[in-house]
Amino acid sequence: MMKIKPIITAISIAIVGASVSALAAPTENTRTLPVRTADSLPSIAQKVSLNVQENRSNSLDTRMQSESADRMTQLIDSKQKSEAPQTVAADNMSAAELTLKDEQSDNTDDISEGQAVAAPSNVASIDSSDPLAFDLPESEKRQDFSDDPTIKNIEDKDGKRYTTLNLSNYAKQVNEATWSPNMKVNSAMTIKMQALLDWNHASPGPVDGGWGMNSKKALINFQAMKGLPTTGKMDQKTWDALVKNIPANKPVLVTYTITEDDIKTNFASTPAGAEAKSKMKGLYYQDIKEMFGERFHMDVRYLDKLNKNKTYKAGETITVLNTRGPLNQRINRVVANKADKTLYAYNGDKLVATYPTTVGSDATPSPKGTFKIINKVKMPWYKATVGEGAQKKVHMLPPGPNNPVGVVWMGLSKPSYGLHGSPQPEGISRQGSAGCVRLTNWDVLEVYANIENGATVELK
């Protein structure tokens, strides 16, 4: 596949009464997802020495030794025994499998350049042969998409209630898990730790039951937030800090009853190629499981394992993660560290949140330096350019969680760079980006809700 460096431009919502443009790079066609080991990862991975196994770095041969080794499946099977085993192997797609998945996705990507914009007034009027033919009317540049159903689905602002009724024995084991020194590695404790990190805004990315790269980073980052030694190891002081501000009876796994509104959400398979995508009304979730994965901060494969034999119909009860509350902290400075693959969010000098991220790639590295947030756009459109020279065409890709920049774009004062969401949350920290800072859709929404226009962004 020909290597290309696409460019995105975001339109400013309102900056001193004038429209401002910022360029950024789409990430779909440059995602490389190298398989990394602790030795090959810089700084963070060398610093980490968890007593919990890193399952994502296992080879495919090791993972495929035996179906019977997957004891998590036994734990959350509908016919499980009342006493669940204590030692559980995490059921995650390996780094090699994730790499293959991304390579297959890259083969269908034809976008060479792009621009993230607020909204076109008339998509049909765009001259597809002229990449510069599209411009927004002033009223559209300030359009507010905060009430878009996709944003509500992720942020879950509409008062949905969860219960602990009819939980499986596995879910009860997770909710009752308490850390103790020298305890054996087990799935229940792994999920509990991932949830506690999520609740404390040291995001582990999609919760998946495997103690991988992003979970290790999240534990180190939480220790840094609390002024503890950043050992990457669980100890009594770290555990006490994790649970300090959490109600003792707060469940990790809860039951949720699927509503008619959930079922009526627009779903559609995401086609390959910019032209096909441009004909969609929206780049919606492909199915209800993908939607619930983002709403509940879960890897879809783990959601599936928790809910075997479920049909996902209205009125049906499923088991999901009880996600974090709002950050409620002003963010006026962020540091995106490529080596650590982490976005650090500060209120002044206080570290208030951290998020796994992808910051550039070897082929298209992010610049080093300090910049400013100059625009913030929810549910951006994406102006995709395909081909070169006389063959160059422009296609407008509609908003949605499967838009190349996800559900949020925040442009920087450095042309061609910005912070944005991702259509593939499981690839965060694993795939490459074309110079931008990529987060999961739920993490980028948390940053969006708390960061100031003019906030400092340091890329290092």
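Residues numbered from 1 in each chain as written. Predicted model: local features only at pLDDT ≥ 70, side-chain atom pairs only at ≥ 80, totals over all residues. Heavy atoms only, no water.

Student: Tell me about helix α10 (residues 236-243), and please be specific about residues and values.
Tutor: Along α10, the positions that sit buried rather than exposed are T238, W239, A241 and L242. An end-on view of α10 places all buried positions within 165° of arc, on one side of the element. Residues of α10 that are buried make contact with α8 (187-199) and α9 (213-225). One side-chain oxygen of the residue at the start of α10 lies 3.3 Å from the amide nitrogen of K237, identifying that residue as D235. (Buried < 20%, exposed > 50% of the residue type's maximum accessible area, 1.4 Å probe, protein only. Helix = DSSP H or I, 4+ residues; strand = E, 2+ residues; numbered from the N terminus. Arc of directions from axis to C-beta. Contact = heavy atoms within 4.5 Å. Polar contact = N/O pair within 3.5 Å; in protein donor to acceptor, adjacent residues only side chain to side chain.)

Student: Tell me about the pattern of salt bridges, and please be specific about residues and values.
Tutor: Taken as a whole, this structure holds eight salt bridges when the rule is applied. Where D262 meets R295, a salt bridge forms, and the shortest distance between an N and an O atom there is 3.0 Å. Remark: R295 occurs in helix α13 (residues 288-295) and D262 occurs in helix α11 (residues 260-264); sequence separation between them is 33 residues. Between D304 and K289 there is a salt bridge whose closest N-O contact spans 2.9 Å. On the criterion of sequence distance, the pair formed by D304 in helix α14 (residues 300-306) and K289 in helix α13 is long-range, its members being 15 residues apart. Here the salt bridges do not stand alone but share partners, grouping D198, R324, D443 and E446 into one network. (Salt bridge = Lys/Arg side-chain N within 4 Å of Asp/Glu carboxyl O.)

Student: Describe the packing of helix α7 (residues 169-176) against α8, naming the residues involved and giving the relevant values.
Tutor: Between α7 and α8, the least distance of the axes is 8 Å, while the angle of their chain directions is 55°. In terms of orientation, α7 and α8 fall into the oblique class. Two packed elements cross with a definite hand, and for α7 against α8 that hand is right-handed. Here Y170, Q173, V174, N175 and E176 of α7 lie close against α8, whose contacting residues are S187, A188, I191 and K192. Split by residue class, the contact of α7 with α8 holds four nonpolar, three polar and two charged. (Axes fitted to C-alpha atoms, helices over the stretch in contact; angles between N-to-C directions. Parallel < 35°, antiparallel > 145°, perpendicular 65-115°, else oblique. Left-handed = near helix turned anticlockwise from the far one by under 90°. Nonpolar A, V, L, I, M, F, W, Y, C, P; charged D, E, K, R; others polar.)

Student: Can you break down the packing of α8 against α10 residue by residue, with the values?
Tutor: Orientation of α8 relative to α10, taken along the N-to-C sense of each, is 60°, at an axis distance of 9 Å. One finds that α8 runs oblique with respect to α10. Handedness of the crossing formed by α8 with α10: left-handed. Judged by residue contacts, M189, K192, L196 and L197 of α8 engage W239, L242 and V243 from α10.

Student: With reference to specific residues and values, describe the packing of aromatic side chains.
Tutor: Inspection of the entire model under this criterion finds six aromatic pairs. Taken together, a centroid distance of 5.9 Å and an interplanar angle of 75° make the contact between Y162 and F296 edge-to-face. With a gap of 134 residues between them, Y162 in the loop between α6 (149-155) and α7 and F296 in the loop between α13 and α14 connect regions that are remote in the sequence. Residue classification places F296 among the buried positions, given a relative accessible area of 1%. Following the ring pairs from residue to residue traces out a cluster consisting of Y162, Y256, F292, F296 and Y312. Across the ring face of W199, the terminal group of K250 is positioned such that the distance to the ring centre comes to 4.1 Å. Note that R333 overlies the ring of Y346, its terminal NZ or CZ placed 4.0 Å from the centroid. (Phe/Tyr/Trp six-rings, centres within 6.5 Å; stacked < 30°, edge-to-face > 60°. Lys NZ or Arg CZ within 6 Å of the ring centre and 35° of its normal.)

Student: Quick rundown of unusual backbone geometry? Include the residues and the values.
Tutor: If you check the backbone angles, H297 has positive phi at about 55° while not being a glycine. As for its position among the elements, H297 is in the loop between α13 and α14. Here M379, not a glycine, exhibits a phi torsion of approximately 50°, which is positive. If you trace the backbone, M379 turns up in the loop between β10 (369-378) and β11 (381-386).

Student: Just give me the short version of the environment of P423, but keep the residues and values in it.
Tutor: Residue placement: P423 occurs in the loop between β14 (418-420) and β15 (437-438). Take P423: its relative accessible area is 6%, and that puts it in the buried class.

Student: Account for the sheet that holds β15, with residues named and values stated.
Tutor: Taken together, the nine strands give an open sheet; going across it, the order is β8-β7-β6-β16-β10-β13-β14-β15-β9, and neighbouring strands pair in mixed fashion. For this open sheet the edge positions go to β8 (350-356) and β9 (358-359), each flanked by a neighbour on one side alone. Strands β7 (342-347) and β8 of the sheet are contacted by α9, whose axis makes an angle of about 180° with β8. Sheet strands touched by helix α15 (residues 441-450): β6 (331-337), β7, β8, β10, β13 (408-412), β14 and β16 (451-459). Its angle to β13, the strand with the most contacts, is close to 55°. (Pairing = 2+ DSSP bridges.)

Student: Talk me through the environment of K233; I want residue IDs and the actual numbers.
Tutor: Mapped onto the elements, K233 comes out in the loop between α9 and α10. Taking relative accessible area as the criterion, K233 reaches 42% and is therefore assigned partly exposed. For the pair K233 and Q223, spaced ten residues apart in sequence, the C-alpha separation works out to 9.5 Å.

Student: Outline the pairing of β16, supporting the account with residue identities and numerical values.
Tutor: For β6 and β16, the ladder comprises five bridges, and the chain directions are parallel. Bridge pairing in β16 places V335 opposite E458. The pairing of β10 with β16 spans four bridges and is antiparallel. Along β16, the bridge assignment pairs K372 with T456.

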